[in-house]
2 protein chains.
Amino acid sequence: MTRVVFLLVPGLHLLDLAGPAQVFSTAADLGHGYRLAYVAEREDVPTAQGLPLHAATAWPELSADDLVLVPGWRTSLAARGAGFLSAPVLGRLAAHHAAGGTVASVCSGAYALGRAGLLDGRRCTTHHELQDELARRHPRATVERDVLYVVDERVVTSAGIASGIDLALHLVAVRHGPAAAARVARSMVVHTRRNGDERQSSAMLRYRAHLSDVVHRAQDVIDARFTEPLPLAELAATAGVSERTLTRRFGAATGLTPLRYQQRLRVERAEHLIGRGATVEAAARAAGFQDARMLRRLRGREAAPGGSAAVPRAPAAAAAATAPSTPSAPTAPAAGPERPPHGRRPLHAQR
Amino acid sequence: MTRVVFLLVPGLHLLDLAGPAQVFSTAADLGHGYRLAYVAEREDVPTAQGLPLHAATAWPELSADDLVLVPGWRTSLAARGAGFLSAPVLGRLAAHHAAGGTVASVCSGAYALGRAGLLDGRRCTTHHELQDELARRHPRATVERDVLYVVDERVVTSAGIASGIDLALHLVAVRHGPAAAARVARSMVVHTRRNGDERQSSAMLRYRAHLSDVVHRAQDVIDARFTEPLPLAELAATAGVSERTLTRRFGAATGLTPLRYQQRLRVERAEHLIGRGATVEAAARAAGFQDARMLRRLRGREAAPGGSAAVPRAPAAAAAATAPSTPSAPTAPAAGPERPPHGRRPLHAQR
């Protein structure tokens, strides 16, 4: 059971708090062990949106597995920095980190981490309008720009307001895997987002930026069982549509066929295993391929110039504009980023 | 001054409430007239995330310009529907709508609107896991799937949890224009999202799904002054980078040059005016073109087969992969959806 303790500063932004709280509460609903707590220096906590909150003044017992998160407060008050937080509370933040715990902030919450001494010598970020000021106040910190969040040695800082959702989803993905994060995001009707220039960590998160319930349901099955053979008929039955409809909608939403999506997950798993020392043959079998041949072919394709390994996803509208009329036709748009470099072939015929 | 009244139901999801509250509060910070209020049947309101809230029991005076919004509550309690809301409160919802006001819901909040009789004969939506049940309870309602929100005659319903942000940004865009909504979204570090299969309403919202602060700052200037000549040097100075850097980053983030982006806004404005009866010549001048010639050329390009009018945006990674090394080169990727159908030409040379 991981505790997530929100340290509430007067004048906080509701969304800075609600985004991460909703992520961890949804993760708990889905069976992951999180318990949320809200602490403040006084029981009554005013917010920037005018809604009063009620917090505890006593902190729960914390262990190294727990997370303390400081949501940001109205930036016009940022000049006073973490003046709202007393030295003992700032000391708690530092002590939790020193004991091996994780400390996080959203938006101007980074000021609190800075005053607790947690940003010195570390990379961090905050709301884009506050980055210069944070850098001035903490010259030993490296303030990153154009990112959603920064993780440096159990100090996790996010950019403005809604980026707290991205931060929390990242922490869920690290602890429970990308499929768990994708399920949480799906339940909350958010998309996982790429962090600045970095490549998104997993195809399980990358191909979810669409609104098709049918396709999400098929992806849930593939994510959970991608190493097994998954006949299109079974996927279609699970999603409650015909094979033809599933393939069409899958292509419109993701730019891929269901099989191609499954292959991506297999290749990703295999590469992960190879990175940990497995042979190509063993990795291929563990990922669900019959042998290493198909894995080599798919890896070669994605690494080839013009290959699509670094492309997050085809925009749905572009894919939809050239969606195939039969399930055996390739779903990749002719000129889109998902075009297979070796020409157009019926993808389902490749297995 | 528009009042936004949040009707809080016990067990509500924090994010259902915080998303829209943050949008309207940010809009108020940016100079638009919104005043937020929180009402409930009892002062102490428990939430699904375990954080108690404090609301008023007395409603403010409402006028037709005002909005009443019902955030959703934990869905395991949804079986009891809006049993938490008494008949007099449900009557207030119906009366506000009957008086010309707008009523909105997030997620399971649609149950409250349904019990108030506001969904009968209307299109609506709710969280994807609750859509079947809502349709069963209200057979005269048309429950839409795979959308973020539905607007039908001042009854505005959104899908799950985070889609309340999309709903609120839509309402801001309708009342104050897409540039205002883009500024709110930018300040909150959210992206505006396309609503299901519909085309996003404005290029001002469509090309903001990136994290580059420099590019956002340049877009802020273009959005505000797109009918004027905007030399690249001036945009670059505003953004605090060289012309070359701005063009490179603009291309990586949006798939367009700054000029091409500005032209999109001009074409969009001109088409809006033509749709309202202006001549092409008058619309062209009002949108900032010297005469109708360039407008005709650009409209012809976007309407041509293979043109890019219906494409929301090139994925940043795809554009970055072929980003030009000089500012005079076209930023559209060779095989990407933004490719001009008439071949590659230096776009800045077109003015």
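Everything below is about the structure shown above.
Residues numbered from 1 in each chain as written. Chains lettered and ligands numbered in written order. Predicted model: local features only at pLDDT ≥ 70, side-chain atom pairs only at ≥ 80, totals over all residues. Heavy atoms only, no water.

**A short note on the pairing of strand β1 (residues 2-7) of chain B**
Residue and element names in this part refer to chain B.
Item 1. Here β1 lies mainly inside the structure; 5 of its 6 residues are buried.
Item 2. Inspection of the sheet shows β1 paired to strand β2 (residues 34-39) by 6 bridges, in the parallel sense. Counted as the bridge partner of F6 is Y38 from β2.
Item 3. Where the polypeptide runs from β1 across helix α1 (residues 14-29) and back to β2, its parallel neighbour, the crossover connection is right-handed.
Item 4. Two elements, β1 and strand β5 (residues 67-70), share 3 bridges in a ladder whose sense is parallel. Within the sheet, the bridge partner assigned to V4 lies in β5 and is L67. (Buried < 20%, exposed > 50% of the residue type's maximum accessible area, 1.4 Å probe, protein only. Helix = DSSP H or I, 4+ residues; strand = E, 2+ residues; numbered from the N terminus. Pairing = 2+ DSSP bridges. Right-handed = clockwise from strand over helix to strand, strands pointing away.)

**Thoughts on the relation of the copies chain B and chain A**
Item 1. Mapping chain B onto chain A calls for a rotation angle of 180° and an axial translation of 0.0 Å; the resulting RMSD is 0.1 Å. In the structure described here, the two chain copies are related by an operation that fits a two-fold rotation axis.
Item 2. In this assembly the copies share their binding face: 100% of the residues contributing to the interface of chain B also contribute to that of chain A. (Least-squares fit on C-alpha atoms with pLDDT ≥ 70 in both. Contact = heavy atoms within 4.5 Å.)

**Let's talk about the sheet that holds strand β10 (residues 155-158) of chain A**
Remark on secondary structure: sheet strands pair via backbone hydrogen bonds, oriented parallel or antiparallel.
All names here are of chain A.
Item 1. The 6 strands lie next to each other as β2-β1-β5-β6-β10-β9, forming an open sheet whose pairing is mixed. For this open sheet the edge positions go to β2 (34-40) and β9 (149-152), each flanked by a neighbour on one side alone. Across this sheet, the average inter-strand angle for adjacent strands is 15°, counted without regard to direction.
Item 2. Helix α1 (residues 14-29) contacts β1 (2-8), β2, β5 (67-70) and β6 (102-106) of the sheet and is inclined by roughly 155° relative to β2. (Axes fitted to C-alpha atoms, helices over the stretch in contact; angles between N-to-C directions.)

**Thoughts on the interface of chain B and chain A**
Item 1. The interface is formed by 53 residues belonging to chain B together with 53 residues belonging to chain A.
Item 2. Summed over both partners, the interface of chain B with chain A buries about 4200 Å², with 61% contributed by carbon and sulfur atoms.
Item 3. With its nearest N and O atoms 3.0 Å apart, the salt bridge here joins D29 of chain B to R74 of chain A.
Item 4. If you look at where chain B meets chain A, you find 24 residue pairs in polar contact (both at pLDDT 80 or more).
Item 5. The element that contributes the greatest number of residues to the side of chain B that touches chain A is α1 of chain B, accounting for 9 residues.
Item 6. Of the residues contributing to the side of chain B that touches chain A, the split by class is 27 nonpolar, 17 polar and 9 charged. (Buried area = accessible area lost by both parts, 1.4 Å probe. Salt bridge = Lys/Arg side-chain N within 4 Å of Asp/Glu carboxyl O. Polar contact = N/O pair within 3.5 Å; in protein donor to acceptor, adjacent residues only side chain to side chain. Nonpolar A, V, L, I, M, F, W, Y, C, P; charged D, E, K, R; others polar.)

**Details of the sheet that holds β2 of chain B**
All names here are of chain B.
Item 1. Taken together, the 6 strands give an open sheet; going across it, the order is β2-β1-β5-β6-β10-β9, and neighbouring strands pair in mixed fashion. At either end of the open sheet lies a strand with only one pairing partner, and these are β2 and β9 (149-152). The sheet shows a mean angle of 15° between the axes of neighbouring strands, direction not considered.

**Remarks on the nonpolar core**
Item 1. One finds L8, Y38 and L53 of chain A together with L8, Y38 and L53 of chain B to be the most contacted residues of the largest nonpolar core, which totals 93 residues.
Item 2. Among all residues touching Y38 of chain B, those that are not within four sequence positions of it are L14, Q49, G50 and L51 of chain A together with F6, L8, L17, A21, A55 and A56 of chain B. (Core = buried A, V, L, I, M, F, W, Y, C linked by side-chain atoms within 4.5 Å.)

**Quick look at the pairing of strand β6 (residues 102-106) of chain B**
Looking along a regular strand, one sees the side chains alternate between the two faces of the sheet.
Residue and element names in this part refer to chain B.
Item 1. Within β6, 5 of the 5 residues are buried, leaving the element largely enclosed by the surrounding structure.
Item 2. Every second residue of β6 is oriented toward a common face, with T102, A104 and V106 on one face and V103 and S105 on the other, all of them buried.
Item 3. Of the strand pairs in this sheet, β5 and β6 are connected by 4 bridges, and their pairing is parallel. If you follow L67 over to β6, its bridge partner there is T102.
Item 4. Relative to strand β10 (residues 155-158), β6 runs parallel, the two sharing 4 bridges. Bridge pairing in β10 places A104 opposite V156.

**Structural notes on the packing of aromatic side chains**
Item 1. Considering all chains together, one arrives at 8 aromatic pairs over all chains under this definition.
Item 2. Ring plane angle 50° and centroid distance 5.0 Å describe the contact between F24 of chain A and Y34 of chain A, whose orientation is recorded as tilted. In this pair, F24 of chain A sits in helix α1 while Y34 of chain A sits in strand β2, placing the two residues 10 residues apart along the sequence. With respect to burial, F24 of chain A and Y34 of chain A carry one shared label: buried.
Item 3. With a centroid separation of 5.4 Å and 15° between ring planes, the pair formed by F6 of chain B and Y38 of chain B is classed as stacked. Here the residue F6 of chain B occupies a position in strand β1, and Y38 of chain B occupies one in strand β2, the gap between them amounting to 32 residues. Comparing F6 of chain B with Y38 of chain B shows no difference in burial state: the two are buried.
Item 4. Ring-pair connections join several aromatic residues into one group, and the members of that group are Y207, F250 and Y261 of chain A.
Item 5. The ring of Y111 of chain B is capped by R137 of chain B, whose NZ or CZ atom sits 4.3 Å from the centre of that ring.
Item 6. The cationic tip of R266 of chain B hangs over the ring face of F289 of chain B; the distance from NZ or CZ to the ring centre is 5.5 Å. (Phe/Tyr/Trp six-rings, centres within 6.5 Å; stacked < 30°, edge-to-face > 60°. Lys NZ or Arg CZ within 6 Å of the ring centre and 35° of its normal.)

These values are about where atoms sit, not about what they do.
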